[in-house]
Amino acid sequence: MATETSVLTGLEPPAFWGHFEALTRIARPSRHEEPVIEHVRQWAGEHGFELRQDEGRNLVIHVPATAGRENTPTVTLQGHLDMVCERDPASPNDPAEGRIVLVRDGDWLTADGTTLGADDGVAIAAMMALVEDASLRHGPLELLMTVAEEVGLEGANALDPALVGGSILVNLDSEEDGKLTVGCAGSTDTWIHVDAPREPAVDGAVTLAVTVSGGKGGHSGSGIALGHSNADKVLGRALRETSEQVPFRLVSFAGGKSRNAIPRDAEAVCSVAAGDEEAFRNAIAASAETIRDAFATTDPGLSIVVSAADAPEAPWTAEATARLLDAVALVPTGPLAMSQDFDDLVETSTSLGEALTEGDRLTLHSLSRSSNDSALPEVIATLDAAARLAGGELEVKVNYGGWRPNLDSPALAAAQEAYERLFGEPPIVTAVHAGLETTVIGSKVHGLDMLSFGPQIEFPHSPDERVGIPTVERFWQLLVALVDELSGPGR
Ligand SMILES: [Zn+2]
């Protein structure tokens, strides 16, 4: 398959880039993968490969072994068909409509004004190119292509385990060149709900908004150890410190847009006696100075400001205000334990992702993660205790358990050998503090030996997404060598 876009001319391997390019012209937002499913179905038909689909719409394509490798273990290669379709508002391009314009920037490939879809288009393109190439050697392969990965691993959660017949699963959805991933974190969502009484504001009270912005935020799993400020926690702290000097009552408290991201923006509306306005503003400013200093290195742009506001409803009582601020203070956020297996890797963390005011209720939504399933109950117990002390209750949703590293994995040993032979140095073996589909698939298909790797992909899920072109070639070489190794003599 030759490429048609000049930016891809000359890139290796051409068959991979041809498939990758074809995917940039096919819409594949999560839950709306039908066009790309059709594309794969047609391709499988042309090559005479058997394709099966489960109720969850995941695909598996059966590829026979090359000559002489028929009796080796079946290897399942796995990636997801969907992509996050983000775009700059002004861009004429839109991945949700199959309009991605490729741009080459030195050693990087990116897209003009949109996400690129290298996450996880590289997996789909690599699988297709690999099994088309008659010069390569491999045992029986299954190409497992899941849907709706980017919306909470929905496709993997719906996977019919009967679809997977392999004993080794190689996931192609990791984003760091030079690393073999052998573990990931499980996650649990929690919501602290506190219902608290309101009463009318005192006569002549002024309404003021305290707004936090300018923090760097980031992914609440892989970025949790970077020390970035959490806007909800910053806001809670500024208000608590102020409340020790100036009485006020909360009208609302809200911040954060996603469970998955560290909040960058938060705002509280407060009702303050007219005579206390200046003292309130001064106390917030003094607290802001200390907080800004605490985050001077990690979040130099952090801002905490007071402005006039409207009160949509009566403030909470003074007692309720104190209780709600206590709840915000008690919710832990940040890394809680480091991995014993790998340097600099967080094992357990929790992140307050969203604060929400609805009527008399304040809700604090956290996402807690751990690669050690036995560590999470204590984190959830802490959140439960915080909820109870605040007079509220905790709602819990366990998403999936962690993928615990197995450093004795034969597939890992084969990949390490292949890597070292190809590149003359050992790979870094690690885990990620985020979710991977392997953890869900591994919980359904028992005894699977699993491993994950991929090329260097930066700023995924944003219009800055880019993939390192030389790292794609390394990714390809490793994949080719690994399927050969796993079906070689003695396997
Ligand atoms: Zn992905």
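Visitor: Go over the packing of helix α1 (residues 14-23) against helix α3 (residues 118-132) with me, naming the residues and quoting the values.
Guide: Where α1 meets α3, the closest approach of the two axes is 8 Å, and the angle between their N-to-C directions is 135 degrees. Judged on the interaxial angle alone, α3 and α1 are oblique. Seen from above, α1 lies across α3 with right-handed handedness. Taking contact as the criterion, the partners of A15, F16, H19, F20 and L23 in α1 are, on α3, A118, G121, V122, I124, A125, A126, M128, A129 and E132. Partitioning the contact of α1 with α3 into residue classes produces 11 nonpolar, two polar and one charged.

Visitor: Could you give me a rundown of the coordination of the zinc ion, with the residues and numbers involved?
Guide: Summarising the metal site, the zinc ion is bound by the protein donors H80 (NE2), D119 (OD), D173 (OD) and D173 (OD), whose distances to it range over 1.9 to 2.6 Å. Between the four donor atoms coordinating the zinc ion, the angles at the centre fall across 52 to 144 degrees, so the site counts as irregular. Here the donor residues for the zinc ion map to a single chain with the spacing H-x38-D-x53-D. With H80 in strand β3 (residues 75-80) and D173 in the loop between β7 (168-171) and β8 (179-184), the pair connects residues that are 93 residues apart, well separated along the chain.

Visitor: Requested: an account of the packing of helix α5 (residues 231-243) against helix α7 (residues 318-330), with residues and values cited.
Guide: Each pair of packed helices can be described by the angle between their axes along with the distance between the axes. Close contact between α5 and α7 brings their axes to 9 Å; oriented N to C, the two are set at 135 degrees. Put simply, α5 runs oblique to α7. In this structure, the crossing between α5 and α7 has a hand that is left-handed. Counted together, D232, K233, G236, L239 and R240 of α5 and L325, D326, V328 and A329 of α7 form the full contact between these two elements. Partitioned by chemical class, the residues of the contact of α5 with α7 number four nonpolar, one polar and four charged.

Visitor: Can you break down the sheet that holds strand β4 (residues 102-105) residue by residue, with the values?
Guide: With respect to topology, four strands assemble into an open sheet ordered β4-β5-β21-β20, the strand pairing being antiparallel. Of all the strands in the sheet, just β4 and β20 (457-458) have a single pairing partner and so form its edges. Where β4 lies against strand β5 (residues 108-111), four bridges are found, and the strand directions are antiparallel. Bridge assignment links V103 to a residue of β5, and that residue is T110.

Visitor: So, the pairing of strand β1 (residues 50-53): which residues are in play, and what are the values?
Guide: The sheet contact formed by β1 and strand β2 (residues 59-63) spans four bridges and is antiparallel. Within β2, the residue paired with E50 across the bridge is H62. Counting the residues that bridge the hairpin from β1 to β2 gives five residues, and of these R57 lies at a positive phi of roughly 75 degrees.

Visitor: I'd like a rundown of α3, residues and numbers included.
Guide: Taking 1.5 Å as the rise per residue, α3 with 15 residues should run 21 Å; its terminal C-alpha atoms sit 20 Å apart, in good agreement. Across the 15 residues of α3, 14 count as buried, placing the element largely inside the fold.

Visitor: Please set out helix α8 (residues 376-389) residue by residue, giving values where relevant.
Guide: Helix length check: α8 (14 residues) gives 20 Å between terminal C-alpha atoms against 20 Å at 1.5 Å per residue, within 8%. If you check which residues of α8 are buried, you get L376, V379, I380, L383, A386 and A387. Buried residues of α8, viewed axially, fall in a sector of 115 degrees; they line one side. Residues P377, E378, R388 and L389 are exposed on α8 and point more than 90 degrees away from its buried face. One or two steps after α8, the chain reaches G391, where phi turns positive at roughly 80 degrees.

Visitor: Got a sec to walk through the packing of aromatic side chains? Specific residues and values, please.
Guide: A complete count under the given rule lists seven aromatic pairs for this structure. Considering the side-chain rings of F16 and W17, the 5.0 Å spacing of their centres and the 90 degrees angle between planes classify their relative orientation as edge-to-face. For W17, a relative accessible area of 0% puts it in the buried group. Here F16 and F20 contribute two aromatic rings whose centre-to-centre distance is 6.1 Å and whose plane-to-plane angle is 20 degrees, an arrangement assigned as stacked. Of this pair, F16 and F20 both sit in helix α1, separated by four residues, roughly a single helical turn. For the pair formed by F16 and F20, the shared burial category is buried. Over the ring of W108 we find R466; its NZ or CZ atom is 3.7 Å from the centre of that ring. Cation over ring: R474 sits above F423, and NZ or CZ is 4.4 Å from the ring centre.

Visitor: Describe in detail the side chain of T438, supporting the description with residues and values.
Guide: Within the fold, T438 resides in helix α10 (residues 437-444). The class of T438 is buried, set by a relative accessible area of 0%. Apart from residues lying up to four places away in sequence, T438 is in contact with L169, N171, W403 and M450.

Visitor: So what about the environment of R292? Which residues, and what values?
Guide: Here R292 shows up in helix α6 (residues 277-294). Taking the C-alpha atoms as reference points, R292 and A431, 139 residues apart in sequence, are found 33 Å from one another. R292 has contacts with P300, G301, L302 and S303, leaving out every residue within four places of it along the chain.

The rules behind these values
Residues numbered from 1 in each chain as written. Predicted model: local features only at pLDDT ≥ 70, side-chain atom pairs only at ≥ 80, totals over all residues. Heavy atoms only, no water. Axes fitted to C-alpha atoms, helices over the stretch in contact; angles between N-to-C directions. Helix = DSSP H or I, 4+ residues; strand = E, 2+ residues; numbered from the N terminus. Parallel < 35°, antiparallel > 145°, perpendicular 65-115°, else oblique. Left-handed = near helix turned anticlockwise from the far one by under 90°. Contact = heavy atoms within 4.5 Å. Nonpolar A, V, L, I, M, F, W, Y, C, P; charged D, E, K, R; others polar. Donors = N, O, S within 2.8 Å, 3.2 Å for Na, K, Ca; no water. Tetrahedral: all angles 85-135°; square planar, octahedral: opposite > 155°, others 65-115°. Pairing = 2+ DSSP bridges. Expected span 1.5 Å × (residues − 1). Buried < 20%, exposed > 50% of the residue type's maximum accessible area, 1.4 Å probe, protein only. Arc of directions from axis to C-beta. Phe/Tyr/Trp six-rings, centres within 6.5 Å; stacked < 30°, edge-to-face > 60°. Lys NZ or Arg CZ within 6 Å of the ring centre and 35° of its normal.

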